[in-house]
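These are the residues of each chain, in order.
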Amino acid sequence: MQGFIIEGSNRVGGEISVSGSKNAALPIIAGCLLVSGEVILRGCPELSDIYSSARILSCLGCKCTRSGDTLTVNCKEISRDHIPDKLMRLMRSSSLYLGACLGRMGRCTLSYPGGCELGARPIDLHITALEKMGAEIKEEHGVLECSAPSGLHGAQISLSFPSVGATENIMLAAALAKGETVIYNSAREPEIADLAGFLKRCGAQISGEGTSVIRICGVSELYPCEYEIMPDRIVAATYLCTAALAGGGLMVKNTRANELRPVIDLLCEAGCDIYDYDGRIYISRNRPLKAVSTVRTMPYPGFPTDAQPLVTAVLSRAKGVSVVVENIFENRFRLNPELVRMGADIKTEGRIAVIEGTDTLYGARVMASDLRAGAALAAAAASAQGITELGNIEFIDRGYEHLERSLSEIGVKIKRTKI
Ligand code: EPZ
């Protein structure tokens, strides 16, 4: 199996630039389906999930080409309205092609999405919302037959939970629908605002993105454009947590600190010094880490669930007792038993983890269970004593561009090899 070999106990140093956001790029690429012409996306990260999105678009008849960090997508010609199960299972965000296909073609056949096993991850909120907009969705043995015989129309939609994916799916479906759609209790994540920014660049009429009420007034056509994808705030958090664990000083470039305040505040409480200016975040940790007040993951602007595994790794070395409550996913502590193999003292009960910080973590043979847990294990290994063998790194490749290259640049001894 492909794995990382990481030799620990090296402080980090130097600087690193953050790539474009996976969780902004994926809905934006789905949004390209709504445009009958060429779209140029700059700052598009080179990730397996991005490649999977290109495969889905190509299967529908679109053309996708990459040059460096620029992805060019042309959905002028659509030849199919069926996405094979094997492509749908590659990632969670394949669910966004429900809204995009209905918005463009008025029909599609697809199946339930795949993605990291963080819990049940149903799409009931997506389906209910699209049905309110005039879609007919029949489910049989996991296959969804979707159509909008009279086209999609605007609707007033109240989400019982501010679901990121459901908000994105509704926006994609509403952009070309007849009339106005209002989403109440919409997700407020920055990636939602980036999708809105892209759709508005194409001519969509959207307001309220970033708040809990988003209004989309459908238009008749969306036009080709160029768009720069926002930086990845969770990749930035990954580098910050690596520096917090390994110690030393690190400059992280191409960041938006205001999108990471809960993570920055937590790392400062744990004993790091952090300064942000002009799109850069400088972090140094030159004293022992200390336990922090309870961490509770919440929808944005609360503490981001995607950074929870990363800060759990940091807290495993923080003197004292820390408590982490995971409120978003029911199964997002699969990192913890792997950290225990490295010498961490973590007791996990349902959605609560109690962490007794330890002075030292030790290299061990550990396995990634999802992309953020995998990155957290790499960060923990960078600060551990001895050699760590980290397996299942294909999970990491879904969300991190050549993580071994980035971590090597800042002083981590890591290499990709068969293990
Ligand atoms: C997006 O997932 C992100 N993925 C996740 O990042 C992120 O953790 C999550 O938002 C929360 O911020 C992408 O953007 C590709 P949700 P999504 O819909 O859209 C429940 C990563 O590491 N729910 O906000 O799936 C759901 O089960 C990934 O990059 C329903 O019950 O998140 C979960 O418990 C991991 N019914 C909660 O809501 C629905 O119809 C949050 O889900 C939809 C969601």
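Parameters at a glance
- Sequence order sets the numbering: in each chain, residues are counted from 1 along the sequence as written.
- Where totals are concerned, whole chains, interfaces and linings use all residues; where local detail is concerned, this predicted model gives features only for residues with pLDDT of at least 70, and gives and counts side-chain atom pairs only at 80 or more.
- Working from all heavy atoms in the structure, the side-chain values ignore hydrogens and water.
- Strands are runs of DSSP state E lasting at least 2 residues, helices are runs of H or I lasting at least 4, and numbering of each runs from the N terminus.
- Relative accessibility under 20% of the residue-type maximum defines a buried residue, over 50% an exposed one, and the middle range a partly exposed one, all with a 1.4 Å probe and only protein chains included.
- We call two residues in contact when some of their heavy atoms are within 4.5 Å.
- A pair of strands counts as paired when DSSP detects no fewer than two bridges linking them.
- The convention used is that axes are lines fitted to C-alpha atoms, helices contributing only their stretch in contact, and that angles between N-to-C directions extend from 0 to 180 degrees.
- Definition of nearness: a residue and a molecule or strand are near each other if at least one heavy atom of the residue lies within 4 Å of the molecule or strand.
- Polar contacts, as used here, are pairs of N or O atoms within 3.5 Å; protein pairs need one atom able to donate a hydrogen and one able to accept it. Residues neighboring in sequence count only if both atoms are side-chain atoms.
- Residues enter a patch when their relative accessible area is above 30% and they make no salt bridge; the linking distance is 9 Å between like charges and 5 Å between nonpolar side chains (Val, Leu, Ile, Met, Phe, Trp, Tyr).
- For the accessible areas, the method is Shrake-Rupley and the probe is 1.4 Å, while residue cover comes only from the protein chains on display.
- Salt bridges are defined by distance alone: a side-chain nitrogen of Lys or Arg within 4 Å of a carboxyl oxygen of Asp or Glu.
- Here the expected span of a helix is defined as 1.5 Å times the quantity of residues minus one.
- The nonpolar core is taken to be a set of buried Ala, Val, Leu, Ile, Met, Phe, Trp, Tyr and Cys residues, with the residues joined through side-chain atoms within 4.5 Å.

(A) Quick look at the overall build of the protein. Per the secondary structure count, the protein includes 14 helices and 23 strands. Reported as C-alpha extents along the three principal axes, the dimensions of the protein are approximately 65 × 45 × 40 Å. Out of the 419 residues in the protein, the part that is buried amounts to 59%. Put simply, of all contacts in the protein between residues at least 6 apart along the chain, 73% involve residues at least 24 apart.

(B) Region of the structure containing the sheet that holds strand E12 (residues 213-217). Taken in spatial order, the four strands make up an open sheet running E9-E10-E12-E11, and their pairing is mixed. In the strand order of this sheet, the two ends are held by strand E9 (156-158) and strand E11 (205-207), each with one partner. The sheet shows a mean angle of 15° between the axes of neighbouring strands, direction not considered. Pairing between strand E10 (residues 180-184) and E12: five bridges, direction antiparallel. Within E12, the residue paired with Glu180 across the bridge is Cys217. Where helix H6 (residues 164-174) meets the sheet, its contacts fall on E9, E10, E11 and E12, and the angle it forms with E10 comes to roughly 170°.

(C) Region of interest: the site of the ligand. In the vicinity of the ligand lie 23 residues, with Arg92, Asp124, Ser163, Asp306 and Ile328 positioned nearest. Residue Lys22 places a side-chain N or O atom 3.0 Å away from an oxygen atom belonging to the ligand. One nitrogen or oxygen atom from the side chain of Asp306 is found 2.5 Å from an oxygen atom belonging to the ligand. The set of elements that each furnish at least two residues to the shell around the ligand consists of helix H1 (22-31), helix H5 (124-132), H6 and helix H12 (371-383).

(D) Quick peek at a nonpolar patch on the surface. Together, Val321, Ile352 and Val354 make up an exposed nonpolar region whose accessible area comes to about 220 Å². Checked against the element boundaries, Val354 lands in strand E20 (residues 352-356). We classify Val354 as partly exposed; its relative accessible area is 36%.

(E) Expanded view of helix H8 (residues 233-246). Spanning 14 residues, H8 covers 20 Å between terminal C-alpha atoms, matching the ideal 20 Å at 1.5 Å per step. Of all 14 residues in H8, 14 are buried, a share of seventy percent or more. The backbone nitrogen of Ile234 has a side-chain oxygen 2.9 Å away, supplied by the residue at the start of H8, namely Asp232. Just past H8, the residue Gly247 takes up positive phi, approximately 85°.

(F) Expanded view of the nonpolar core. Counting residues in each nonpolar core, the largest one holds 76 residues, and the members touching the most others are Leu33, Leu41, Tyr97, Met133, Met171, Phe198 and Leu199. Every residue in contact with Leu199, bar those within four places of it in the chain, is listed here: Leu34, Met171, Leu172, Ala204, Ile206 and Leu222.

(G) Representation of the pattern of salt bridges in the model. Counting across every chain of the model gives 19 salt bridges. Close ionic contact of Arg42 with Glu226 constitutes a salt bridge, the shortest N to O distance being 2.5 Å. Taken together, the residues span a long stretch of sequence, with Arg42 in strand E3 (residues 38-42) and Glu226 in strand E13 (residues 226-228) at a distance of 184 residues. Assessed through its relative accessible area of 32%, Arg42 is described here as partly exposed. Salt bridges sharing partners connect three or more residues here, namely Asp397, Glu404 and Arg416.

(H) Structural view of the pairing of strand E7 (residues 136-140). Pairing between E7 and strand E8 (residues 143-147): five bridges, direction antiparallel. Residue pairing across strands places Glu140 opposite Val143, the latter belonging to E8. Taking the residues between adjacent antiparallel strands as the criterion, E7 and E8 are bridged by two residues, where His141 takes a positive phi near 50°.

(I) Examining unusual backbone geometry more closely. In this chain, Tyr300 is followed by Pro301 through a cis amide linkage whose omega measures 15°. Located in the positive-phi region is Asn185, a residue other than glycine, with phi close to 65°. On the secondary structure map, Asn185 appears in the loop between E10 and helix H7 (190-201). In this model, Asp278 sits at a positive phi of 50°, which is unusual for a non-glycine residue. Here Asp278 lies in the loop between strand E15 (273-277) and strand E16 (280-285).

(J) Highlighting the environment of Ser316. Residue placement: Ser316 occurs in the loop between helix H10 (308-315) and strand E18 (321-325). In the structure, Ser316 is positioned 206 residues away from Leu110 in sequence and 42 Å away in space, judged by C-alpha atoms. In contact with Ser316, not counting residues within four places along its chain, are Ala344, Ile355, Glu356, Gly357, Thr358 and Leu361. Of the polar contacts made by the side chain of Ser316, one reaches the backbone oxygen of Ala313; its length is 2.5 Å.

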